[in-house]
Amino acid sequence: MSAPQSLAQAAMNRLAARLGSGLADAAATLAALAQEAPARVQQELTLFWEEVSMEAERIEHDRDAGVPASRGGAAEDPQERIDALRAKVAELSRRLDQMPATPDGPPRSPGQA
């Protein structure tokens, strides 16, 4: 085999080895994601149903208090809206702090565990 043929053959061998390694890495990553998927789906469903429950409670509370069904009406006191938003942010923050940290989840700030 001449030198150019040897170089071409060597390049093809190395490309095949690297592509095979890359495919193996991709398959391992996909397998790991497939194992995590059921737990993630369950977590998202649980969070969704908690949100649905909270929204239903809010609607019932508004109905019992005689608040109009439309959200953000012009007649609503701005300070009440601000207080309600602050309460919602505090509740969401509390729920986030209670969620277990996932290895590939969003980074937490230094003050959070």
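Note that this is a predicted model, so its numbers are computed, not measured. (Residues numbered from 1 in each chain as written. Predicted model: local features only at pLDDT ≥ 70, side-chain atom pairs only at ≥ 80, totals over all residues. Heavy atoms only, no water.)

Our focus in this paragraph is the overall build of the protein. Each helix and strand counted, the protein has 2 helices and 0 strands in total. Scored against the burial criterion, the 113 residues of the protein give a buried share of 2%. Here the protein displays about 9500 Å² of accessible surface, and carbon together with sulfur accounts for 64% of that area. (Helix = DSSP H or I, 4+ residues; strand = E, 2+ residues; numbered from the N terminus. Buried < 20%, exposed > 50% of the residue type's maximum accessible area, 1.4 Å probe, protein only. Areas by Shrake-Rupley, 256 points an atom, 1.4 Å probe, with all protein chains shown as cover.)

The next point concerns the packing of aromatic side chains. Inspection of the entire model under this criterion finds 1 aromatic pair. Measuring from centroid to centroid gives 5.2 Å for F48 and W49, while their planes differ by 70 degrees, and the two rings are edge-to-face. Of the residues examined, W49 reaches a relative accessible area of 53% and is grouped as exposed. (Phe/Tyr/Trp six-rings, centres within 6.5 Å; stacked < 30°, edge-to-face > 60°.)

What follows covers helix α1 (residues 3–65). Over its 63 residues, α1 extends 88 Å from the first C-alpha to the last, a length consistent with the 93 Å expected when each residue adds 1.5 Å. Along its length, α1 shows its largest kink, about 35 degrees, at A37, and proline P38 lies within four residues downstream of that point. In the segment just after α1, G66 is the residue with positive phi, at about 80 degrees. (Expected span 1.5 Å × (residues − 1). Bend = angle between axes of the 7 residues up to and from the residue.)

Turning our attention to the pattern of salt bridges. Inspection of the entire model under this criterion finds 6 salt bridges. The salt bridge involving R95 is made with E51; its shortest N-O contact spans 3.9 Å. In this pair, R95 sits in helix α2 (residues 78–98) while E51 sits in helix α1, placing the two residues 44 residues apart along the sequence. Exposure remark for R95: the relative accessible area of 9% places this residue in the buried category. (Salt bridge = Lys/Arg side-chain N within 4 Å of Asp/Glu carboxyl O.)

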